[in-house]
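Listed here are the chains, written in short residue letters.
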Amino acid sequence: MNTLEPSDACAGVRLPGALAPRSAATQRREEQIRGVSIGKYEKRAARYDRTCSRTWTIRERAVEALGLRPGDHVLDVGCGTGLSLALLVQAVGPTGRVSGFDQSPAMLAQARERLAQAGWPNVQLWLDIAQEFRLPDPVDALLFHYTHDILRSPSALEQLLSLARPGARVAIAGIKYFPGLLGVLNPWVYLKNLGYNGAPAGLRTPWDRISARLTDWQLAETQWGMGYIATGRVPAPAHRARVDTSTGT
Ligand SMILES: C[S@@+](CC[C@H](N)C(=O)[O-])C[C@H]1O[C@@H](n2cnc3c(N)ncnc32)[C@H](O)[C@@H]1O
């Protein structure tokens, strides 16, 4: 059950589908992680954009790696304050669509403000959680830009990849542990990541739960090995119809 209220744009569009069953313990753990994350972003949201200037070129590279074409529908997973929206809107053009969601009311409020100011008619934003987010029609591409908690949640990945058409392109950028001798700096990487995430572990190969579900996997290190940009494609079996028009809310 979704514990967060849908956005205005969402009303009448969110469609419940059959989620894979999760054990009560898993669900409790995920709720706890989400709660920690929401609390962190409550405090962080106001100055979030200022902390992102150094990784701007990584954002540009990740969006470029999606290979978007005019008319595409792209999903900005955990869109935060909406910093990627302008790049995505530009890439899909006026005939394309950009959908985005985030569970943090503080972060999404800024994304909505950005949308209101830009007036993009083809962008829709939702206050929602990755584990339960749904769309009425499939997406051609998904962007995971610094969304570590979501990448570590198997149920979130299952749900999000089910929203993609077969062959949809996925681009992921994020933080990871340094390899080799620079590994002495990894306690600092851990603390840096801790400030942003509810589940800060899994920094050696943060992508391993999504890479196992994608084809055409490619990965390049960034920032001397403290970051990565990866791409893949959603295989056909991951595409499952989630749309149940009889129970739309
Ligand atoms: C580091 S921020 C990245 C935001 C944005 N993608 C960007 O590149 O600026 C991570 C975002 O993921 C969101 N998030 C974390 N777990 C989530 C979940 N389970 N469902 C939805 N959003 C989530 C957080 O609220 C936060 O806004």
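For clarity, every value in this text was computed on a predicted model and none was experimentally measured. (Residues numbered from 1 in each chain as written. Predicted model: local features only at pLDDT ≥ 70, side-chain atom pairs only at ≥ 80, totals over all residues. Heavy atoms only, no water.)

With respect to the helices and strands, Gln223 occurs in the loop between strand 6 (215-222) and strand 7 (227-233). Exposure remark for Gln223: the relative accessible area of 24% places this residue in the partly exposed category. A sequence separation of 47 residues divides Gln223 from Lys176, and the C-alpha atoms of the two residues are 9.9 Å apart. Discounting residues that sit within four places of it in the chain, Gln223 has contacts with Thr55, Ile58, Tyr146 and Phe178. (Helix = DSSP H or I, 4+ residues; strand = E, 2+ residues; numbered from the N terminus. Buried < 20%, exposed > 50% of the residue type's maximum accessible area, 1.4 Å probe, protein only. Contact = heavy atoms within 4.5 Å.)

This next bit is on helix 1 (residues 24-48). Note: α-helices contain 3.6 residues per turn, so residues at a spacing of three or four share the same orientation. Compared with the 36 Å implied by 1.5 Å per residue over 25 residues, the 33 Å span of helix 1 between its first and last C-alpha is a close match. By the largest-angle criterion, Glu42 marks the main kink of helix 1, which is about 40°. The complete set of buried residues in helix 1 reads Glu30, Ile33, Arg34, Ser37, Lys40, Tyr41, Arg44, Ala45 and Tyr48. On its buried face, helix 1 sits against helix 2 (56-65), helix 4 (105-118), helix 5 (148-151), helix 6 (154-161) and helix 7 (186-194). (Expected span 1.5 Å × (residues − 1). Bend = angle between axes of the 7 residues up to and from the residue.)

Below, the discussion takes up unusual backbone geometry. At Asp216, a residue that is not glycine, the phi angle is positive and equals roughly 55°. Looking at the secondary structure, you find Asp216 in strand 6. Even without being glycine, Trp224 reaches a positive phi, approximately 60°. Along the chain, Trp224 turns up in the loop between strand 6 and strand 7. Exposure remark for Trp224: the relative accessible area of 76% places this residue in the exposed category.

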